Amino acid sequence: MNDRDHVVTSLREIGAGETIKYRNAAGEQAVVVRNDIPFGHKIAISNIEAGTDVRKYGEVIGRAVEPIAIGQHVHVHNIEGIRGRGDLGKETN
Amino acid sequence: MERTIMGYERPNGDIGIRNHLLIIPTVICSNQVCSRIMQMVPGAVAIPHQHGCSQIGADKTRTFEMLAGTGKNPNVGAVIIISLGCEVVDPIALAEDIRSTGKPVEVFDIQSVGGSVKAIAYGAELAKRLMADLQKQAKVPVPLSKLKVAVKCGGSDATSGLASNPALGAAADSLISEGGSIVIGETTEIIGAEHLLAERCATPEISDKLYHIVDRFEKEVERMGADMRGGNPSPGNIAGGLSTIEEKSLGCISKCGTAPIKGVIEYAERIPENGLYFMDSPGNDIECVSGMAAGGAHIVCFTTGRGTPTGAAVVPVIKITANKQMFLRMEDNMDIDVSDMLDGSASLGQAGDRIWQEIVEVAEGKWTKAEVLGHQEFSINRIGPSL
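In what follows, the accompanying structure is described. (Residues numbered from 1 in each chain as written. Chains lettered and ligands numbered in written order. Predicted model: local features only at pLDDT ≥ 70, side-chain atom pairs only at ≥ 80, totals over all residues. Heavy atoms only, no water.)

**Focus on the overall build of chain A**
Okay, so step 1: Scanning chain A from N- to C-terminus turns up 0 helices and 8 strands.
Okay, so step 2: In sequence order, the secondary structure elements of chain A are arranged as β-β-β-β-β-β-β-β.
Okay, so step 3: Going through the 93 residues of chain A one by one, you find that 45% of them count as buried.
Okay, so step 4: Here the contacts in chain A between residues at least 6 apart in sequence split such that 47% fall between residues at least 24 apart.
Okay, so step 5: Carbon and sulfur atoms make up 46% of the accessible area of chain A, which totals about 4900 Å². (Helix = DSSP H or I, 4+ residues; strand = E, 2+ residues; numbered from the N terminus. Buried < 20%, exposed > 50% of the residue type's maximum accessible area, 1.4 Å probe, protein only. Contact = heavy atoms within 4.5 Å. Areas by Shrake-Rupley, 256 points an atom, 1.4 Å probe, with all protein chains shown as cover.)

Structure, rendered in structure tokens:
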């Protein structure tokens, strides 16, 4: 959705091993998908270090909880939301 | 020449696009009588609810304002208020408040009339008389600029942020350019995106108020010591590809279009004319829609990815989706499909026009799927416990 994004969103089911294409300012890019991806789910288009803010729509959508490799499924198992976290107690923002 | 649609003129200058007879129980104890009267008089709408007693402070006020606001909604032509006789909500004050709009309001209590059966008979007689008057009322040309549309998303998945919400935003811009009002809510669902909305507030005071209501809401979540992620995003959102509240919010906010935000209003507060407004409200679909109806919205445009049948008691709810499979699977409940945006065969502008066209047709009388199926959901957001 934006050139700062770490992820793309799939518009169909995608099988592990397929190559997907997306477009950014530099032109058409290709990524080999490493996991099965359900409709509407996200795929990493760059390597993301653990603890890094993850972007979609050009904005931060959460933080990686483990290292994420390019082509991997990005979802609740490897990123977490930062807001509304009463379970974490008082956080300094 | 100002654009007009066919609608109902109200005594206080408002316009209505439906002409409901509304039966309001002041308290849960009156629900049964209200529902029975509704069954006896086709076309009457009752709003049974869970509250009206054992409430104090802001919670008590909220119940009153929700009942009053729903009664005052310009789609309502006449009102019957049915009290038990001993509850916290004051039925006479409620009647006075709704009567200030100029519409006919009848009020009585079950204890004085002498129990359920007599109350049902008495209420049905009132309802028949009021309905006969409403049916005689003709539609006349009314200014489109007086139309107020609420935008909502529910059962969202990844298609909501990618397509249906931006398309609804384009339609919202169309109404704003005609002079109408758009209200967006769901304070929950701007968490992570509030800075983008704050930039669009017309004055610093308005953007301060926006940050304040988000902060107020987050403090409520923290007070419960809970992690939001169990409740929002919902399991359905997560299965549909939304991983965090931030991602969901970023996809949500596009549905209000690009106009400046002219004000931040409280839950059930009256929606002003001519502009885009944010209403403090929960993400809970029914509570949010009910709050916007109590604020005077004429129509709710509701985007969904997972699918929901929900309608509302006094306002038509237009269901919009960009999830083609769900549209086909739940076609009974869906009005507009904009999934052709995702394969590139429709532009954002075309999808937006499709929604705008539907808004005007529904305003002029076309029934939404939710109306055809008789959906009349209503619920009141709570602040405190019952005593």
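After that view of the structure, there is still more to cover.
**Observations concerning the interface of chain A and chain B**
Okay, so step 1: Counting residues at the interface gives 25 residues for chain A, matched by 33 residues for chain B.
Okay, so step 2: Of the roughly 2300 Å² buried at the junction of chain A and chain B (both faces included), carbon and sulfur atoms supply 56%.
Okay, so step 3: Where chain A packs against chain B, one counts 2 salt bridges.
Okay, so step 4: Close ionic contact of Lys42 of chain A with Glu247 of chain B constitutes a salt bridge, the shortest N to O distance being 2.7 Å.
Okay, so step 5: Put simply, chain A and chain B have 11 residue pairs in polar contact (both at pLDDT 80 or more) between them.
Okay, so step 6: Every element with two or more residues in the side of chain A that touches chain B is listed here: strand S6 (59-64) and strand S8 (79-80) of chain A.
Okay, so step 7: Among the elements that make up the side of chain A that touches chain B, the one with the highest residue count is S6 of chain A (4 residues). (Buried area = accessible area lost by both parts, 1.4 Å probe. Salt bridge = Lys/Arg side-chain N within 4 Å of Asp/Glu carboxyl O. Polar contact = N/O pair within 3.5 Å; in protein donor to acceptor, adjacent residues only side chain to side chain.)

**Remarks on the sheet that holds strand S4 (residues 42-44) of chain A**
Residue and element names in this part refer to chain A.
Okay, so step 1: On the basis of which strands lie adjacent, the open sheet formed by 3 strands has the order S1-S4-S7 and antiparallel pairing. Each of the sheet's edge strands pairs with one partner strand only, and the pair in question is strand S1 (7-9) and strand S7 (73-74).
Okay, so step 2: As defined by bridge partners, S1 adjoins S4 across 3 bridges and the pair is classed as antiparallel. Bridging across to S4, Val7 finds its partner in Ala44. (Pairing = 2+ DSSP bridges.)

**Describing the side chain of Thr310 of chain B**
Residue and element names in this part refer to chain B.
Okay, so step 1: Inspection of the secondary structure assignment puts Thr310 in the loop between strand S12 (299-303) and strand S13 (317-321).
Okay, so step 2: The exposure class assigned to Thr310 is buried, which follows from its relative accessible area of 6%.
Okay, so step 3: Residues within four places of Thr310 in sequence aside, it is in contact with Ile286, Phe302, Val317, Lys319, Ala370, His375 and Glu377.

**Let's talk about the side chain of His20 of chain B**
Okay, so step 1: Here His20 of chain B shows up in strand S3 (residues 20-25).
Okay, so step 2: Setting aside residues up to four positions removed in sequence, His20 of chain B forms contacts with Val45, Asn75, Val76, Gly77, Ala78, Leu134, Ala313 and Val314 of chain B.

**A short note on the pairing of S6 of chain A**
Residue and element names in this part refer to chain A.
Okay, so step 1: One ladder, built from 4 bridges, connects strand S5 (residues 53-56) with S6; its direction is antiparallel. When the bridges of S6 are listed, Asp53 appears paired with Arg63.
Okay, so step 2: What sits between S5 and S6 in their antiparallel hairpin is a turn of 2 residues, with Tyr57 showing a positive phi close to 60 degrees.
Okay, so step 3: Where S6 lies against S8, 2 bridges are found, and the strand directions are antiparallel.

**Section: the pairing of strand S2 (residues 19-24) of chain A**
All names here are of chain A.
Okay, so step 1: Note that S2 and strand S3 (residues 27-32) share 6 bridges and pair antiparallel. Looking at the pairing, Ile20 lines up with Val31 of S3.
Okay, so step 2: Linkage of S2 to S3, two consecutive antiparallel strands, is achieved through a turn of 2 residues.

**Side note on the packing of helix H1 (residues 31-40) of chain B against helix H5 (residues 116-136) of chain B**
Residue and element names in this part refer to chain B.
Okay, so step 1: Between H1 and H5, whose axes approach to 9 Å, the crossing angle comes to 45 degrees. On the basis of the axis angle, H1 is oblique to H5. In the packing of H1 onto H5, the handedness of the crossing is right-handed. Between H1 and H5, the residues in contact are Val33, Arg36, Ile37 and Met40 and Ser116, Ala119, Ile120, Gly123, Ala124 and Ala127, respectively.
Okay, so step 2: When grouped by side-chain class, the residues that make up the contact of H1 with H5 number 7 nonpolar, 2 polar and 1 charged. (Axes fitted to C-alpha atoms, helices over the stretch in contact; angles between N-to-C directions. Parallel < 35°, antiparallel > 145°, perpendicular 65-115°, else oblique. Left-handed = near helix turned anticlockwise from the far one by under 90°. Nonpolar A, V, L, I, M, F, W, Y, C, P; charged D, E, K, R; others polar.)

**Notes on helix H6 (residues 158-177) of chain B**
Residue and element names in this part refer to chain B.
Okay, so step 1: With 20 residues, H6 should cover 28 Å at 1.5 Å per step; its first-to-last C-alpha distance of 29 Å lies within 8% of that length.
Okay, so step 2: By the largest-angle criterion, Ser164 marks the main kink of H6, which is about 35 degrees, and a proline, Pro166, follows within four residues.
Okay, so step 3: Remark: Gly179 follows H6 within two positions and exhibits a positive phi of approximately 100 degrees. (Expected span 1.5 Å × (residues − 1). Bend = angle between axes of the 7 residues up to and from the residue.)

**Some words on unusual backbone geometry**
Okay, so step 1: At Tyr57 of chain A, a position not held by glycine, the phi torsion is positive, near 60 degrees.
Okay, so step 2: By secondary structure assignment, the location of Tyr57 of chain A is in the loop between S5 and S6.
Okay, so step 3: When its relative accessible area of 17% is taken as the criterion, Tyr57 of chain A is described as buried.
Okay, so step 4: Notably, Asn274 of chain B is not glycine yet its phi reads approximately 55 degrees, a positive angle.
Okay, so step 5: Asn274 of chain B gets classed as partly exposed once you look at its relative accessible area, which sits at 42%.

**Topic: the pattern of salt bridges**
Okay, so step 1: One pass over the structure, following the stated rule, counts 28 salt bridges over all chains.
Okay, so step 2: Glu18 of chain A is the partner of Arg12 of chain A in a salt bridge, and the nearest nitrogen-oxygen pair spans 2.9 Å.
Okay, so step 3: Overall, Arg12 of chain A belongs to the partly exposed group, its relative accessible area being 43%.
Okay, so step 4: Here Arg216 of chain B makes a salt bridge to Glu266 of chain B, at a shortest N to O gap of 3.1 Å. Of this pair, Arg216 of chain B sits in helix H8 (residues 204-223) while Glu266 of chain B is found in the loop between strand S10 (261-265) and strand S11 (275-279), placing the two residues 50 residues apart along the sequence.

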